[in-house]
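A structural walkthrough
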Amino acid sequence: MSTKGKLGLGVLISLVVGNMVGSGIFMLPRSLAEVASPAGVILAWLLTGFGVLVTALVFGNLAIRKPNLTGGPQIYAKELFKPGSKKSTLAGFMSTWGYWIGNLAGNIAIITTFAGYLSTFFPVLTSEAVLLDVGSFTLYVGNALTFLVCTILLWGTHFIILNGLENAGRLNILATSAKVIGFMLFIIIALFAFEKSNILPFVEPKINAAGNSVGLFGQINSAAITTLWAFIGVESAVVFASRAKKQSDVKKATIFGLLIALAIYIGISTLVMGILSQDQLIASQKPLIDAIEAVLGPIAGKVLAAIGLISLFGSTIGWIMLSAEVPYAAAKQGIFIPAFLKENKKGIPTFSLIVTNLLGQLFIFSTISRSISQAFDFVIYIATLSYLVPYLISSFFQLKLVISGETYDSLKARRVDFVIGLIASIYSIWVIIAGTADIKTFSFGVLLLLSGILFYNKVNRGKEKKSF
């Protein structure tokens, strides 16, 4: 089979690293400082890193054992039930719908972060001058310009991807290389500027929105879903498995990409806390820039902001590619709306790309009435909860294979994969419980998930047409 137009190991690793090390690394230090003390933050990173590692092992294992099931972890939902049954189709559709909605929200978290870092060069993007005042709604100049920038980035990326995945993949590699080099330099510089006093007291209670004191364990619980956001994208290689030159590269890219991202996250998150005080960190709209400016001045801040913009541009390409691929791959499996199968001569799922970005445009409206940091916090909770269901389903599917013995020749391999699948399942359930503790977030997430029911009949109609 020809490998022309296929994705090699380097591109797959860049997609994993590029999609994980996106908006999270730029905004999470502030988000974490709001809910946890330094000890809580570090422990949350370590716990989440371990949980995502076992989940990544599940993804890699399933990609090898079930190479025909491509398009992302949500695809495995249909395999939990009898093939071809209504339960199988419904489970696959709902899982794909939730995962896709998570991608849409995730795209906007990245794009709004891009606008936030662009404000380093164009401060007018944060201007609070009133542009329009209608009743109780006030539109500020900064919000209007941020909306415009986000819209241009969304549709500019759209046309880049239409020209072919290989070219978009090369741009992603360049952007990922730039970000990894830039972050490593940041870590080296920050090591010399680290102030121990900024992370003291290392363990202290935090006051939540309700005014209650939260201890260390509660802080880790609160930070769990926030730190998980940083690892969303670890499944990127799995989503593009059907476009990989070699199936074995999918597992390698997933593990290597995760380890690279984990090293960057723990290093940068810890060092930022040692450069900025907790109050400064919580108030920051762009914590990495503020940290480097505190050490080397405004010029260094602009250099890092430029690296950040390149990084976020690469992440935008990777995430929009992934977002369009999800419903397209699901439609190929017969569990999503058939119209999403439409593609151009270069194999780009055009209908899926257009609909994905049109819906993404709706999410961009969150920038009109919210600050960048508020918009970021809002979408990462919704997006992360949408991803957790497919993650849990993947773990359940691995357990199903282990118990049935399907694809296994060795008892030892079954035992090892059972333990990995069990730990990954427990981790996903724990974070879902922690993330849905807030009734508002839970209600909104469930509403978005259930909205897919409105379109489910289109899947059945597509199947009926094929049967004639």
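For the structure itself, look to the data block above.
Below or above, wherever it landed, is the structure these notes cover.

What counts and how
For every chain, the first residue of the written sequence is number 1, and numbering continues from 1 onward in sequence order. Per-residue local features are limited, in this predicted model, to residues with pLDDT of at least 70; the limit for side-chain atom pairs, both in listing and counting, is 80 or more; totals at the level of whole chains, interfaces and linings are taken over all residues. Side-chain metrics rest on all non-hydrogen atoms present in the structure, leaving aside hydrogens and water. Each reported salt bridge corresponds to a side-chain nitrogen of Lys or Arg within 4 Å of a carboxyl oxygen of Asp or Glu. Here's how the labels work: a residue is buried when its accessible area is under 20% of the maximum for its type, exposed when over 50%, partly exposed in between, all with a 1.4 Å probe on protein chains only. To get an axis, a line is fitted to the C-alpha atoms, and for a helix only the part in contact is used. The angle between two axes follows their N-to-C directions and goes from 0 to 180 degrees. Put simply, DSSP H or I for four residues or longer makes a helix, DSSP E for two residues or longer makes a strand, and each gets a number counted from the N terminus. For classification purposes, angles smaller than 35 degrees are called roughly parallel, those larger than 145 roughly antiparallel, those between 65 and 115 roughly perpendicular, and all remaining angles oblique. Rotating anticlockwise by less than a right angle from the far helix to the near helix defines a left-handed crossing, while the corresponding clockwise rotation defines a right-handed one. Pairs of residues are marked as contacts when any of their non-hydrogen atoms sit within 4.5 Å. Nonpolar residues are Ala, Val, Leu, Ile, Met, Phe, Trp, Tyr, Cys and Pro. Charged residues are Asp, Glu, Lys and Arg, and all others, Gly as well, are polar. Remark: nonpolar core denotes a set of buried residues (Ala, Val, Leu, Ile, Met, Phe, Trp, Tyr, Cys) joined through side-chain atoms within 4.5 Å. What a helix should span is 1.5 Å times the count of its residues minus one. Stacked, tilted and edge-to-face are the three classes applied to pairs of Phe, Tyr and Trp rings, where Trp contributes its six-membered ring and a pair requires centres within 6.5 Å; stacked means planes under 30 degrees apart, edge-to-face means over 60, and tilted covers the rest. A positively charged side chain is recorded as over a ring if its NZ (Lys) or CZ (Arg) lies within 6 Å of the ring centre. The angle to the ring normal must also be within 35 degrees.

Re the pattern of salt bridges
Opposite charge on two side chains permits pairing when their charged atoms draw close. Under the defined criterion, the tally for this structure stands at three salt bridges. Among the salt bridges present, the one from Glu79 reaches Lys78, with a minimum N-O distance of 2.7 Å. Summarising the burial analysis for this pair, Glu79 and Lys78 share the class buried.

Digging into the packing of helix H1 (residues 9-20) against helix H9 (residues 248-275)
The description of two helices packed together rests on the angle between their axes and the distance between the axes. Closest axis-to-axis distance for the H1/H9 pair is 8 Å, and the angle between their directions is 40°. Judged by the angle between their axes, H1 and H9 are oblique. When you trace H1 past H9, the crossing you get is right-handed. Here Leu9, Leu12, Ile13, Val16, Val17 and Met20 of H1 lie close against H9, whose contacting residues are Asp249, Val250, Lys252, Ala253, Thr254, Phe256, Gly257, Leu258, Ile260, Ala261 and Tyr265. Class assignment of the residues belonging to the contact of H1 with H9 gives a composition of 13 nonpolar, two polar and two charged.

A short note on the environment of Leu145
When you line up the elements, Leu145 lands in helix H5 (residues 141-162). You can call Leu145 partly exposed: its relative accessible area is 29%. Sequence separation between Leu145 and Val124 is 21 residues; the distance between their C-alpha atoms is 8.0 Å.

Let's talk about the nonpolar core
Formed by 128 residues in total, the largest nonpolar core has its most connected members in Phe186, Phe231, Tyr265, Ile268 and Phe336. It is helix H4 (residues 86-118) that provides the largest number of residues to this core, a total of 17 residues. Not counting chain neighbours up to four residues away, the residues in contact with Phe336 comprise Phe93, Thr96, Trp97, Trp100, Pro327, Ala330, Ala331 and Val459.

Thoughts on the packing of H4 against H5
The N-to-C vectors of H4 and H5 enclose an angle of 125°; their axes lie 9 Å apart at closest approach. Considering the angle they form, H4 stands oblique to H5. Of the two elements, H4 crosses H5, and the hand of that crossing is right-handed. When H4 is examined against H5, the residues Ile111, Thr112, Phe114, Ala115 and Leu118 are found in contact with a partner set consisting of Thr146, Val149, Cys150, Leu153 and Leu154. Residues belonging to the contact of H4 with H5 are distributed by class as follows: eight nonpolar, two polar and no charged.

Remarks on the environment of Ile108
Within the secondary structure, Ile108 is located in helix H4. For the pair Ile108 and Leu362, spaced 254 residues apart in the sequence, the C-alpha separation amounts to 9.6 Å.

A word on the environment of Ile266
Looking at the secondary structure, you find Ile266 in helix H9. Ile266 gets classed as partly exposed once you look at its relative accessible area, which sits at 25%. Between the alpha carbons of Ile266 and Leu43 there is a distance of 10.0 Å; along the sequence they are 223 residues apart. Discounting chain neighbours no more than four positions away, the residues touching Ile266 are Trp45 and Leu46.

Section: helix H13 (residues 350-364)
Over its 15 residues, H13 runs 21 Å from end to end, which matches the ideal 21 Å to within 8%, given 1.5 Å per residue. All buried positions along H13 are accounted for by Thr350, Ser352, Leu353, Val355, Thr356, Asn357, Gly360, Gln361, Phe363 and Ile364.

Overview of the packing of aromatic side chains
Throughout the structure, instances matching the rule amount to 13 aromatic pairs. Here Tyr427 and Trp430 contribute two aromatic rings whose centre-to-centre distance is 6.1 Å and whose plane-to-plane angle is 50°, an arrangement assigned as tilted. With Tyr427 and Trp430 both in helix H16 (residues 411-435), this residue pair falls three residues apart, about one helical turn. The exposure class of Tyr427 is buried, given its relative accessible area of 8%. Ring pairing ties together the aromatic residues Phe93, Trp97, Trp100, Phe336, Phe340 and Phe351, which thus form one cluster. A cation sits over an aromatic face here: Arg65 above Tyr408, 3.7 Å from the ring centre.

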